[in-house]
Amino acid sequence: MLTTWQPPGGSEELAIRFGDDTGPCLLVLPAWFDEGNKTRHFTIETMRLLAGRGVPSVLPDLPGCNESLTGLTEQTLATWREAAAAAAAQFGCSQVLAIRAGANIAPGLPGFAYAPLAGKSALRALLRARTLAAKEAGHPETTEALLQTGKVEGLELAGYHLGAAMVAELAEAVLAPSALVPLDPGGPLLWLRAEPEHNPEQAAALADLIAEGMTA
Amino acid sequence: MTTNLPASVANPEDTDAILRSILRDVLGLSDERVAELAAGSGLFGHIPEFDSMAVAGLLTEVEDRCDILIEDDEVDGDMLETYGALLTFVSTKRAEG
């Protein structure tokens, strides 16, 4: 069901909850940007299956994402980290599931990581998509030049307008050693898929791993 | 048996398996279709959904799994046009270490 929450900064953001909303729940930090679109269906279905396994979960919109009225350009890794921590506190989350680049902003909760991706690698893929498209269109750009401009003026990558601070932070963002348990449900890597697709067996496998991990 | 070769040179078949697995995921191919990919199978420019975002995802995943870095100026239409060209490129990069 849809609900709302307030990140630091005073905006109101949407969140989707599944399962019993009276006890502790699992904070879901989704993949980012185009990977977020490609794994949205999978993420929501995994949450639905988790509820059926007795694990309530919540997926908050980060400021600047999805239905947010806040500008993405104003966001930084720091504002997203603060937002994730605030969401965890407001929804009483005891554990976290970080998917792909979501691992970069996981609050200090125990939990799980599915195919964690460093911010640096997320940015590299977005920059590469832009340089490839530019080359095809006959006006080549270089990653290095884009990055230098982006750190000063911000950058539009795959339709997302990232601010200068976010570009600069992502360029340096490596994954810190984490206590999150890595999960491998097997099956295709849905974030690579050129045409977004869902995989019910994989969602069930991931939900099983999480449900087992939470009761262990 | 030479023992001082990098693992990537010692296991060229590994590169083929990694590339097929990534292409299966990018293009949503069945295992049968993936197994049928031949050196001359067309990729970039031949498959409409294999666009710049899909190629970017593929190359970044290849970098991660093969532990190589692919530079801007190495990425062009020729290297991506067929399965064989892509396999040759990645195998050479891995051999260079």
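Everything discussed here concerns the structure shown above.
These numbers were taken from a predicted model, which means no experiment stands behind them.

Student: How would you explain the overall build of chain B if you had to name every residue and give the values?
Tutor: When helices and strands are counted, chain B shows six helices and zero strands. For chain B, the succession of helices and strands along the chain, N to C, is α-α-α-α-α-α. A total of 97 residues make up chain B; the buried ones form 43% of that total. Total accessible area on chain B stands at roughly 4,900 Å², and carbon and sulfur atoms take up 50% of it.

Student: Let's hear about the interface of chain A and chain B: which residues, and what values?
Tutor: Contacts between the two partners involve 24 residues from chain A, matched on the other side by 26 residues from chain B. It is Arg128(A), Leu132(A) and Leu192(A) that lose the most area in chain A upon contact with chain B, and together they represent 31% of the buried surface on that side. For the pair chain A and chain B, the number of links is three salt bridges. With its nearest N and O atoms 2.9 Å apart, the salt bridge here joins Glu63(B) to Arg128(A). Here chain A is connected to chain B by twelve residue pairs in polar contact (both at pLDDT 80 or more). Counting residues per element, the ones that place at least two in the side of chain A that touches chain B are α1 (33–52) and α3 (119–136) of chain A. The leading source of residues in the side of chain A that touches chain B is α3(A), at eleven residues. Among the residues forming the side of chain A that touches chain B, the class breakdown is eleven nonpolar, five polar and eight charged.

Student: Break down unusual backbone geometry for me, citing the residues and quoting the values.
Tutor: Most peptide bonds take the trans configuration, and most residues that are not glycine carry a negative phi. Residues and elements named next belong to chain A. One non-glycine residue, Asn 66, adopts positive backbone phi at about 50°. Counting through the fold element by element, Asn 66 comes out in the loop between β4 (57–60) and α2 (77–90). Under the relative-accessibility criterion, Asn 66 is labelled partly exposed at 47%. The backbone of Arg 100 sits at a positive phi, close to 50°, despite the residue not being glycine. Relative to the elements of secondary structure, Arg 100 occurs in the loop between β5 (93–99) and β6 (111–114).

Student: If you had to explain the sheet that holds β5(A) to someone new, which residues and values would you point to?
Tutor: Residues and elements named next belong to chain A. Here we have seven strands laid out as an open sheet, ordered β1-β2-β4-β3-β5-β6-β9, and mixed in their pairing. Of all strands in the sheet, those bounded by a partner on one side alone are β1 (2–5) and β9 (181–183). Direction aside, neighbouring strands of the sheet carry axes that sit 30° apart on average. Strand direction decides the pairing type here: strand β3 (residues 25–29) and β5, joined by five bridges, are parallel. Looking at the pairing, Val 28 lines up with Leu 97 of β5. Running at roughly 155° to β6, helix α6 (residues 200–215) makes contact with β3, β5, β6 and β9 of the sheet.

Student: Explain the nonpolar core residue by residue, including any values.
Tutor: Soluble globular proteins: nonpolar side chains tend toward being buried together. The biggest cluster of nonpolar side chains holds 99 residues, and the ones touching the most others in it are Trp32(A), Trp80(A), Phe50(B), Leu58(B), Val62(B) and Leu80(B). Here the element with the most residues in this core is helix α4 (residues 52–66) of chain B; it accounts for eight residues. The residues that make up this core include at least three from each of domain 1 (2–117 + 176–215) and domain 2 (119–174) of chain A. Not counting residues within four places of it along the chain, the set of residues in contact with Leu58(B) comprises Leu192(A), Ile22(B), Leu23(B), Val26(B), Phe50(B) and Leu86(B).

Quick notes on the rules
- Residues numbered from 1 in each chain as written.
- Chains lettered and ligands numbered in written order.
- Predicted model: local features only at pLDDT ≥ 70, side-chain atom pairs only at ≥ 80, totals over all residues.
- Heavy atoms only, no water.
- Helix = DSSP H or I, 4+ residues; strand = E, 2+ residues; numbered from the N terminus.
- Buried < 20%, exposed > 50% of the residue type's maximum accessible area, 1.4 Å probe, protein only.
- Areas by Shrake-Rupley, 256 points an atom, 1.4 Å probe, with all protein chains shown as cover.
- Contact = heavy atoms within 4.5 Å.
- Buried area = accessible area lost by both parts, 1.4 Å probe.
- Salt bridge = Lys/Arg side-chain N within 4 Å of Asp/Glu carboxyl O.
- Polar contact = N/O pair within 3.5 Å; in protein donor to acceptor, adjacent residues only side chain to side chain.
- Nonpolar A, V, L, I, M, F, W, Y, C, P; charged D, E, K, R; others polar.
- Pairing = 2+ DSSP bridges.
- Axes fitted to C-alpha atoms, helices over the stretch in contact; angles between N-to-C directions.
- Core = buried A, V, L, I, M, F, W, Y, C linked by side-chain atoms within 4.5 Å.
- Domains from an automatic or database assignment.

Functional significance is not addressed by these values, which are geometric in nature.
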